Amino acid sequence: MASVMDIYVDGEFRQSSTTETIAVTNPASQEILAVAPYATMEEVDRAVAAGKAAFEEWRSVPAPQRARLMMLYQAKLKENQDDIAKILCQELGKTFADAQGEVWRGIEVAEQACNISSDMLGATSENVARGIDTYSLIQPLGVCVGITPFNFPAMIPLWMFPLAIACGNTFILKPSEQDPMTPNKLTELFYECGFPKNVLQLVHGGKEQVDALITHQDTKAISFVGSVGVGQHVYRLGTQNLKRVQSMTGAKNHMVVMPDANKAQVINALVGASLGAAGQRCMAISVAVFVGEAKGWIPDLKDALAAVKPGAWDDDEAAYGPQISVAARDRILGCIDKGKEEGAKCLLDGSNCSVEGLPDGNWVGPTLFSEVTPEMSIYKDEIFGPVLAASNVESLDEALELINSNPFGNGVSIFTSSGGAARRFQSEIQVGQVGINIPIPVPLPFFSFTGWKNSFYGDHHAYGKEAVRFYTQTKTITARWFERDANVDANMTIALK
Ligand code: NAD
């Protein structure tokens, strides 16, 4: 019998007093790995109260000292990178190499948080009027909340709490209930570095816990990553409750293939970017837009996709793993059926996929549709599986029009050998992250993760300088000091003239 996982609330890892739980399963086998509790409302309140009390102390710890603790955490994460990756593989099914890559990308954000002393510098202007100086202080907000999705259980929590905490906030993480073991490990390692109690707390649960954290009068800022419907709900509920909210949501990412691109690179990029992580990436390419003669490459693309095999995380031959749940797999199979019904040409059908020795896994094989048009649901909906839709257009103009009409704006890519085409594309495309001969253009942590349109609600994006702005507020001070023997009245009159 798998044990019920701890939450970290009010100074310690503890068992929740809830009776409501959810099984955490290995998606390759359905083996129950652990049981996650849905924290009670009393525990949520207790976490917020503890976070609020801890904030008063933590905000006054000097920024270089907060940064030094973060350096220890960065080193601790590095030391434990493979252990974290193994936990992640078991509960999410990613291949080991993919999981190692994910953990590394999270470590890079923790690394950036070590730079907090200079990232929180204010500005000074001497003598804005005679004898008067103005300067700004960058100060933390209080208790911040992170709500994270299943598909990056290490990287996305690490997008949030290291930076929020380095800024001097305290943080409550509510990770996905589908793979909560990785966040528990991240929290354990955090407290091995000597951070004060309650600077980071971990509450498991679902909608009820999320809504309680958002509406609680003492939480100040909400970072959310997840699907578009939930992200809109979180943004609305947060802003109605006068919270600062950043909501990173769903996607439909296109890759434009110009006829002057390198064919081998195009096919290689499309295979990796559509099937990697079983298509469960918010930056996965789900639509390939072939311009003009480039459509002649579709048969070779099909062969390359067909050669890719899913499998267990520790199978060296496997290119990607299972879908996170039976429900996710069934939803994807439903999307494939609908694509066929709506008249798209299914060149490769991964519906009946099986993996030897793992008959109960949530497998979906590589799937390719061609002749996909914008009215079809496989074009409109985020499928979040190893399914690639191919569309044909006659010109770069048409490609721009197609993509700019799409409501999502997370990532996009163009493959071409023309600098002119690439330059025009980067300027006119209405998408926040653009790759040029790069299929998945995720910016490193000294930039920010800048999705647009329905892929993002809020003002400041995740990580980088934008996140420092998100997790802090600016105080502007205008100061005048008098010399001991100066004639105060006379000086004031002069200064205010
Ligand atoms: P999800 O929206 O189902 O869940 C995300 C979080 O919200 C989880 O912690 C979950 O417990 C909570 N939640 C679920 N339903 C809720 C509700 N009704 N009210 C309040 N909270 C609720 O997302 P998911 O399936 O875990 O993750 C996949 C989605 O995340 C995809 O749409 C993907 O595009 C998106 N995503 C976006 C980015 C980005 O940066 N834009 C990154 C990764 C994933």
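Residues numbered from 1 in each chain as written. Predicted model: local features only at pLDDT ≥ 70, side-chain atom pairs only at ≥ 80, totals over all residues. Heavy atoms only, no water.

## Digging into the site of the ligand
Around the ligand there are 30 residues in total, and Lys174, Glu177, Ser227, Thr249 and Glu382 lie nearest to it. Within the backbone of Thr249, one N or O atom sits 2.7 Å away from a nitrogen atom of the ligand. In this structure, an oxygen atom belonging to the ligand sits 2.6 Å away from a side-chain N or O atom of Glu382. The protein chains hide 88% of the 840 Å² of surface that the ligand would expose on its own. Those elements that provide at least two residues to the shell around the ligand are α6 (155-166), α8 (207-215), β10 (219-225) and α9 (228-240). Here the element with the most residues in the shell around the ligand is α8; it accounts for 3 residues. Of the residues belonging to the shell around the ligand, the class tally is 14 nonpolar, 11 polar and 5 charged. Counting contributing residues per domain, the shell around the ligand is built from domain 1 (7-249 + 455-477) and domain 2 (253-436), each supplying no fewer than three. (Near = heavy atom within 4 Å. Polar contact = N/O pair within 3.5 Å; in protein donor to acceptor, adjacent residues only side chain to side chain. Areas by Shrake-Rupley, 256 points an atom, 1.4 Å probe, with all protein chains shown as cover. Helix = DSSP H or I, 4+ residues; strand = E, 2+ residues; numbered from the N terminus. Nonpolar A, V, L, I, M, F, W, Y, C, P; charged D, E, K, R; others polar. Domains from an automatic or database assignment.)

## Thoughts on the sheet that holds strand β6 (residues 132-140)
The 3 strands are arranged β5-β6-β22 in an open sheet whose pairing can be described as antiparallel. Strands with a single pairing partner mark the edges of an open sheet, and in this sheet they are β5 (124-129) and β22 (472-480). With strand direction ignored, the average angle separating the axes of adjacent strands in the sheet is 30°. When β6 meets β22, the two strands line up antiparallel, connected through 9 bridges. (Pairing = 2+ DSSP bridges. Axes fitted to C-alpha atoms, helices over the stretch in contact; angles between N-to-C directions.)

## Here we look at the pattern of salt bridges
One pass over the structure, following the stated rule, counts 14 salt bridges. A salt bridge links Lys263 to Asp300; the nearest nitrogen and oxygen atoms lie 2.5 Å apart. Of this pair, Lys263 sits in helix α10 (residues 263-275) while Asp300 sits in helix α11 (residues 298-306), placing them 37 residues apart in sequence. For Lys263, a relative accessible area of 31% puts it in the partly exposed group. For Asp300, a relative accessible area of 33% translates into the label partly exposed. Lys345 serves as the salt-bridge partner of Glu371, at 3.9 Å between the closest nitrogen and oxygen. Residue Glu371 is found in the loop between β15 (367-370) and α13 (377-380), and its partner Lys345 is found in strand β14 (residues 345-348); the two are separated by 26 residues along the sequence. What you see here is one network of salt bridges that share partners, running through Asp397, Arg424 and Glu428. (Salt bridge = Lys/Arg side-chain N within 4 Å of Asp/Glu carboxyl O. Buried < 20%, exposed > 50% of the residue type's maximum accessible area, 1.4 Å probe, protein only.)

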